[in-house]
Amino acid sequence: MTIALTRRALLRLAGTTSFAMAAAAAARAEGPAPVGAGSAPGLAGSTPIRCGAIGLRVRDLDRMSRYYQSVLGFSAISASADGVILGAGGVPLVWLEPRPQAAFEPRNAAGLFHTAFLMPSRHDLARWLVHVARNQTPLTGFADHSVSEAVYLDDPEGNGIEVYADRDPRLWRWEGERVVMGTHRLDVDGILSLTDTSRSDYREAPAGLRIGHMHLRVGDIAQSESFYRDAIGLDSTSRRDTASFLSSGRYHHHVALNTWNSAGAGQRDRALTGLDWFSLEVADPALLATQRKRMAKAGYAPTTVARGFESTDPWGTRVRLVGA
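Nothing here was measured: the structure is a model prediction, and the numbers come from that model.

Chemist: What exactly am I supposed to notice about helix 3 (residues 61-71) here?
Modeler: Structural remark: α-helix, 3.6 residues per turn; residues separated by three or four positions point the same way. Among the residues of helix 3, those classed as buried are L61, M64, S65, Y67, Y68 and V71. The arc that holds every buried residue of helix 3, seen down its axis, measures 160 degrees, which confines them to one face. Turned more than 90 degrees off the buried face of helix 3, the exposed positions are D62 and R66. Positive backbone phi, at 80 degrees, marks G73, one or two positions downstream of helix 3.

In structure tokens form, the structure reads like this:
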């Protein structure tokens, strides 16, 4: 398989004929660049707060487990009647909880927009791209976001996925407290030049693969910021009327929030499929204790879970803050 053939295969899998069209699809996944702005690998996993794991309510446990193992290369850490735990390098990342009778959560409800899995390196992203091209895995978009390079797809039950690699944070451009992000054509040739495109050697997820950020659908941006920024304590790194990006330690974002399809959404129905919970890991036990007090004072009623506590955001998504 030559690089040119791999490019055509990737475009075909994304249902488009050019990477400009694929970037446009990615813009629908991340939104246009804001006006005036342009542990996990690297900076994402070395910040005071970082992403941990997710729990998904799924209808077809076997199919979903096979998908995350075959497409992303996760390994099964445990399996029982309560579900399957998948991860990389022995670290649990995805908990699949069976709900065989559940209806699918609509895309205009609050909930998961996508889970973003961060590759340890651009070379790992290249290896994974060859893997999905050779296995004809359907994709939904590609984009260069200035701070990162990303590929988009959906799992069999419609949960959004981003697979990406960060650029060196020293190359990110900041305008005060705002990081410059955009949606541009992905340099797929540059990525594929890092690996042998004639075969796939991506047999399992790299041991350092982690969740780099969570992107959520919410009903109202200001209300979501009152929870994720003011109560949890994440910092704003970019904002517009319909989206907000938040992080810890000047990462580009650990949590993104948007109302593109979900403006005005009400409480989520936990009887449906979709995101059940996700965790944020807190490096400092003192910070974790402070966060619990702050969330209680803000009225979010934290309850104890293993290694920490959990609260629900204004739409009912459970967020766990746990010791790293």
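Still more to cover.
Chemist: Any chance you could explain the nonpolar core here in plain terms?
Modeler: Note that soluble globular proteins tend to have their nonpolar side chains buried in a common cluster. Membership of the largest hydrophobic core comes to 67 residues, with the highest contact counts inside it found for Y68, F74, W128 and Y228. The biggest single contributor to this core is helix 4 (residues 122-134), with six residues. What F74 contacts, discounting residues up to four positions off in sequence, is Y68, Q69, L86, G87, A88, L93, V94, F117, A205 and L209.

Chemist: What am I meant to see in the confidence of the model for the protein chain here?
Modeler: A low pLDDT score tells you not to read the predicted coordinates there in detail. Of the residues in the protein chain, 88% reach a pLDDT of 70 or more, and the chain-wide mean stands at 92. Of the regions scoring below 50 in pLDDT, residues 31-38 engages in 21 contacts with residues more than four places distant in sequence or in other chains.

Chemist: Looking at this model, I keep getting lost on the pairing of strand 8 (residues 160-166). Mind explaining?
Modeler: Successive residues of a regular strand alternate their side chains across the two faces of the sheet. Among the seven residues of strand 8, six are classified as buried, and the element is accordingly described as predominantly covered. Once strand 7 (residues 148-154) ends, the chain turns through five residues before running back antiparallel as strand 8, passing G158 with a positive phi of about 85 degrees.

Chemist: Honestly, the sheet that holds strand 16 (residues 303-305) in this entry has me stumped. Any pointers?
Modeler: Reading across the sheet, the eight strands line up as 2-3-4-1-15-18-17-16 and stay open at both edges, with mixed pairing between neighbours. On the outer flanks of this sheet lie strand 2 (75-80) and strand 16, each paired with one strand and no other. On average, each strand axis in the sheet is inclined to that of its neighbour by 25 degrees, with strand direction left out of account. In this sheet, strand 4 (residues 91-98) lies alongside strand 1 (residues 49-58) in parallel orientation, the contact comprising five bridges. The residue of strand 4 that forms the bridge with I54 is V94. Those strands touched by helix 3 are strand 1, strand 2, strand 3 (83-88) and strand 4, and its axis lies near 5 degrees from that of strand 3. Relative to the sheet, helix 7 (residues 285-297) contacts strand 1, strand 15 (274-282), strand 16, strand 17 (308-312) and strand 18 (318-323), its axis offset from that of strand 17 by approximately 30 degrees.

About the thresholds
- Residues numbered from 1 in each chain as written.
- Predicted model: local features only at pLDDT ≥ 70, side-chain atom pairs only at ≥ 80, totals over all residues.
- Heavy atoms only, no water.
- Buried < 20%, exposed > 50% of the residue type's maximum accessible area, 1.4 Å probe, protein only.
- Helix = DSSP H or I, 4+ residues; strand = E, 2+ residues; numbered from the N terminus.
- Arc of directions from axis to C-beta.
- Core = buried A, V, L, I, M, F, W, Y, C linked by side-chain atoms within 4.5 Å.
- Contact = heavy atoms within 4.5 Å.
- pLDDT = per-residue confidence, 0-100.
- Pairing = 2+ DSSP bridges.
- Axes fitted to C-alpha atoms, helices over the stretch in contact; angles between N-to-C directions.

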